[in-house]
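Tertiary structure, described
This is what each chain is made of:
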Amino acid sequence: MNRAQRLAQDAAEAAEVRAYQTDPDVVALRIERVRRQVDWMCWSGIVLGLAFTMTNVQGFASAGTRPGSLPWLAAWVLDPTVSLVLLAILRAEQVTARYQVRTGVWVRRAKWFTLAATYVMNTWTSFAAGEAASIVLHSVPPLVVFVAVEAITDLRDKLTDAVLVAAERHTNQEESAKAGRRVLFADYLAIARESWTPDVEITPAWVRRATGCSRGLSPRLARALRSEVANG
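As the structure is a prediction and not an experimental result, all values here were calculated from the model.

1. A word on the nonpolar core
When a protein is soluble and globular, its nonpolar side chains tend to lie buried together. With 13 residues, the main nonpolar core has Val 207, Cys 213, Leu 221 and Leu 225 as its most contacted residues. Counting only elements with at least two residues in this core, the list comes to α6 (185-195), α7 (204-211) and α8 (218-230). Those residues within four positions of Cys 213 in sequence are excluded, and the remaining contacts are Tyr 188, Val 207, Arg 208, Ser 218 and Leu 221. Judged by nonpolar contacts, the second largest core, of twelve residues, contains Val 38, Ile 46, Leu 50 and Val 145.

Right under this line is the structure:
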């Protein structure tokens, strides 16, 4: 196999790989894997952030109570109550965002209210004491949760857009191919090979007449065909 034939084979293999890489089903599968990774990392951060706030909220709610008393134990229920509502909203948005279905205004209000309540209960004691370091420490986890909650919904929406865009591009490419498929170097070479007979001198002019290729491509085709003929 000469150099031209190897190049033609490489071009054909590259075209086949590209066809699979741009297939909408393959793209959707890859995006789904990324979606799972994004979900796992965001959910891990959100749950860890909410777990961090639990002790702060318990301390806020149990202020002035005796450790081990019923009010002290009941204070542990406050943060999970707020967090479970927030997690339920996020889980529902995880499904609606996948299908790009917008939720109502009360869903967004409930999400913001639970986040605001978590932030206030986490930082109230620090603000009251006027301790800047403590304010920063107890502000970061709720704010990270807030940002992650808003970002994860938008990310799911954009990942769905990516799947739709890939499908649309694939459809457009198929329509363009049906309207007029681009002729590759290997295709021109195959036409020239079938048209050639031993009594024909292989020149760029003859290649252009036989294949209809451009003037710039005909010298390369002529050299490739002459090489094939010489190597028998």
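Structure shown, so let's carry the discussion forward.
2. Examining helix α2 (residues 24-61)
Between its first and last C-alpha atoms α2 spans 52 Å; for 38 residues at 1.5 Å apiece the expected length is 56 Å, and the two agree. Its maximal kink placed at Met 54, α2 deviates by approximately 25°.

3. Describing the packing of aromatic side chains
Scanning all chains against the criterion turns up two aromatic pairs. Here Trp 72 and Trp 76 contribute two aromatic rings whose centre-to-centre distance is 6.1 Å and whose plane-to-plane angle is 80°, an arrangement assigned as edge-to-face. Pair noted here: Trp 72 and Trp 76 are both in helix α3 (residues 70-98), with a separation of four residues, about one helical turn. Residue classification places Trp 76 among the partly exposed residues on the basis of a relative accessible area of 31%. Their ring planes at 55° and their centres at 6.4 Å tell us that Trp 112 and Phe 146 sit as a pair that is tilted. With Trp 112 in helix α4 (residues 105-129) and Phe 146 in helix α5 (residues 132-179), this pair connects stretches of sequence that are 34 residues apart. Under the relative-accessibility criterion, Trp 112 is labelled partly exposed at 43%. Overall, Phe 146 belongs to the partly exposed group, its relative accessible area being 30%.

4. Brief notes about the pattern of salt bridges
Any two side chains of opposite charge can pair, on the condition that their charged atoms come close. Inspection of every chain in the model, using the stated rule, returns three salt bridges. In this structure, Lys 111 and Glu 93 form a salt bridge, with 3.2 Å as the shortest nitrogen-oxygen distance. Here the residue Lys 111 occupies a position in helix α4, and Glu 93 occupies one in helix α3, the gap between them amounting to 18 residues. Residue classification places Lys 111 among the buried residues on the basis of a relative accessible area of 1%. With a closest N to O distance of 2.8 Å, Glu 228 and Arg 193 form a salt bridge. Pair noted here: Glu 228 is in helix α8 and Arg 193 is in helix α6, with a separation of 35 residues, a long-range link. The class of Glu 228 is buried, set by a relative accessible area of 11%. Of the residues examined, Arg 193 reaches a relative accessible area of 40% and is grouped as partly exposed.

5. Regarding the environment of Val 101
Topologically, Val 101 is positioned in the loop between α3 and α4. Judged by relative accessible area, which is 46%, Val 101 ranks as partly exposed.

6. Looking at the packing of α6 against α7
Look at α6 against α7: their axes get within 9 Å of each other, and the N-to-C directions meet at 100°. With respect to α7, the axis of α6 lies roughly perpendicular. Judged by residue contacts, Tyr 188, Ile 191, Ala 192 and Ser 195 of α6 engage Trp 206, Ala 210 and Thr 211 from α7.

7. Focus: the UniProt feature "transmembrane region" (unreviewed entry) in the chain
The sites that UniProt annotates as "transmembrane region" (unreviewed entry) are residues 40-61 and 73-92. Helix makes up 100% of residues 40-61 and strand 0%, and the two end C-alpha atoms of the span are 31 Å apart. Across residues 73-92 one finds 100% helix and 0% strand; the C-alpha atoms that close the span lie 30 Å apart.

8. Here we look at α6
Along α6, the positions that sit buried rather than exposed are Tyr 188, Leu 189 and Ala 192. End-on view of α6: buried residues confined to an arc of 100°, all on one side of the axis. On its buried face, α6 sits against α7 and α8.

What counts as what
Residues numbered from 1 in each chain as written. Predicted model: local features only at pLDDT ≥ 70, side-chain atom pairs only at ≥ 80, totals over all residues. Heavy atoms only, no water. Core = buried A, V, L, I, M, F, W, Y, C linked by side-chain atoms within 4.5 Å. Buried < 20%, exposed > 50% of the residue type's maximum accessible area, 1.4 Å probe, protein only. Helix = DSSP H or I, 4+ residues; strand = E, 2+ residues; numbered from the N terminus. Contact = heavy atoms within 4.5 Å. Expected span 1.5 Å × (residues − 1). Bend = angle between axes of the 7 residues up to and from the residue. Phe/Tyr/Trp six-rings, centres within 6.5 Å; stacked < 30°, edge-to-face > 60°. Salt bridge = Lys/Arg side-chain N within 4 Å of Asp/Glu carboxyl O. Axes fitted to C-alpha atoms, helices over the stretch in contact; angles between N-to-C directions. Parallel < 35°, antiparallel > 145°, perpendicular 65-115°, else oblique. UniProt positions renumbered as here; feature names shortened; annotations may be inferred. Arc of directions from axis to C-beta.

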